[in-house]
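The residues making up each chain are set out below.
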Amino acid sequence: MTEILPNPAHTNDEPSAQRSSPDHWVPRFRPTERIAHWWTVVMVATALVTGLAMGEEAESGPMLNVHVASVVLIGVGVVVALVFGNTRAMLRSMRALFVFDRLDIAWSLGRLRHPFQRESHPAWGKFNTGQKVMAWLVSASMSLVIITGFQSWRSGGDMAGPHMAAAMATLALLGAHVFMALVNPSTRPALPGMVLGRVRRSWAATHHRGWLDDVEHDASSPRN
Ligand code: HEM
Ligand code: HEM
C-alpha cells in the first residue's frame, strides 16, 4: 500500500539497495490530510482577520457572518475529509495525534526525573509527546474560543473580553506550531510532509523512527 518514493534528484532506475538510502523520501501525509490541514489554516486565518476587523459590526453584519461561517466551515471540512476523503488515513493520524502511549508516559517521567538531561530522540511514532500535548491544548483553547464566541454573539458583542483572550491564547499556541514548522531548524524538515506529502527518510529516521519502521514494514509486506 505505502510506497517509498525516490528522491527526484536521483534517476528512476536506482538499485533497490538505495531504497533505504538516507536521501530517499517517505510518504507522510495523504492528500486528504493535507487538504484538511490547509483548509483549517485558511479558515482560522479568516476567523482571525474578520474578528479583528469587525469593529462596529459585532452585533450583526456581513463581517460577523463570514466570521462565524469560517468556524462552521472548519467543522464541515473535517467531516467532508472523514466521509469523502481517505477516512482510514484521517482516523489513523487522529488516533496517533490524540492518544498517549507508553513511550509518551516513559519519556514524560524521564523528563520529570531529569529535566536538564539531554537525550537522543526516542523512537517516536508519527507524532511525539510535544505534538500530542500541543494538539490537546489547541483543541481545548479552540473550544474556549468557540464557547466564548457564542456568548459574545448572544450578548450582542458585550462579552468581547473572554473571547479575545481565548483567541489570543490559541494564537500563541499556533504561533509556536508555525515556528516549529517554518523556523526551527530541527523540525523545519517536516514542512514538505504537509506541502508535498513526503519527508526525507534521514529526518524521519531521527525524529519519528517508530513511525518510519511501520511505514517501511507496510511497504515491504507481501500485499504491497
Ligand atoms: C477560530 C475561531 C475564532 C477566532 C480565531 C475568533 C477571533 C475573534 C477575534 C480576534 C475577535 C475580535 C475581539 C475583539 O476585538 O475584542 C472576535 C470577535 C467576535 N467573535 Fe470571534 N473568533 C472565533 C470564533 C467565533 C465564533 C464561533 C463566534 C460565534 C459563534 C464568534 C463570535 C464573535 C463575535 C460576536 C465577535 C464580536 C464581539 C467580540 O469582540 O467578542 N467568534 N473573534
Ligand atoms: C502557516 C501556518 C501553518 C504551517 C506552516 C503549518 C505546518 C505544519 C506542518 C509542517 C505539519 C507537519 C508536522 C509533522 O510532520 O510532524 C503540521 C501539522 C499539523 N498542523 Fe499545522 N501548520 C500551520 C497552521 C496550522 C493551524 C492554524 C492548525 C490548526 C488550527 C494546524 C494544525 C496542525 C495539526 C493538528 C498538525 C498535526 C500535528 C502536528 O504536527 O502538530 N496547523 N502543520
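This text goes with the structure placed above it.
Residues numbered from 1 in each chain as written. Chains lettered and ligands numbered in written order. Predicted model: local features only at pLDDT ≥ 70, side-chain atom pairs only at ≥ 80, totals over all residues.

Chemist: Help me out: how do you make sense of the overall build of the protein in this one?
Modeler: Tallying secondary structure elements over the protein gives nine helices and two strands in all. Listing the helices and strands of the protein from first to last along the sequence gives β-α-α-α-α-α-α-α-β-α-α. Here the analysis covers contacts within the protein between residues at least 6 apart in sequence; of these, 63% occur between residues at least 24 apart. (Helix = DSSP H or I, 4+ residues; strand = E, 2+ residues; numbered from the N terminus. Contact = placed C-beta atoms within 7 Å.)

Chemist: Please explain the packing of helix α1 (residues 31–53) against helix α2 (residues 62–84) as it appears in this structure.
Modeler: Between two packed helices, what matters for the description is the angle formed by their axes and the separation of those axes. Two elements in contact, α1 and α2, have axes separated by 8 Å at closest approach and are oriented at 165°. One element, α1, and the other, α2, form an angle in the roughly antiparallel class. Of the two elements, α1 crosses α2, and the hand of that crossing is left-handed. From α1, T32, I35, A36, W39, T40, M43, T46, A47, T50, G51 and A53 reach across to α2, where they touch M63, V66, H67, S70, V71, L73, I74, G77, V78 and A81. (Axes fitted to C-alpha atoms, helices over the stretch in contact; angles between N-to-C directions. Parallel < 35°, antiparallel > 145°, perpendicular 65-115°, else oblique. Left-handed = near helix turned anticlockwise from the far one by under 90°.)

Chemist: Could you clarify how one ought to interpret the nonpolar core in this entry?
Modeler: Buried together is how nonpolar side chains tend to be arranged in soluble globular proteins. Counting residues in hydrophobic clusters, the biggest one holds seven residues: W25, V26, A190, V199, W203, A204 and L212. Elements with a contribution of two residues or more to this core: β1 (25–27) and α8 (201–207). (Core = buried A, V, L, I, M, F, W, Y, C linked by C-beta atoms within 7 Å. Buried ≥ 20, exposed ≤ 12 C-beta atoms within 10 Å, placed from the backbone.)

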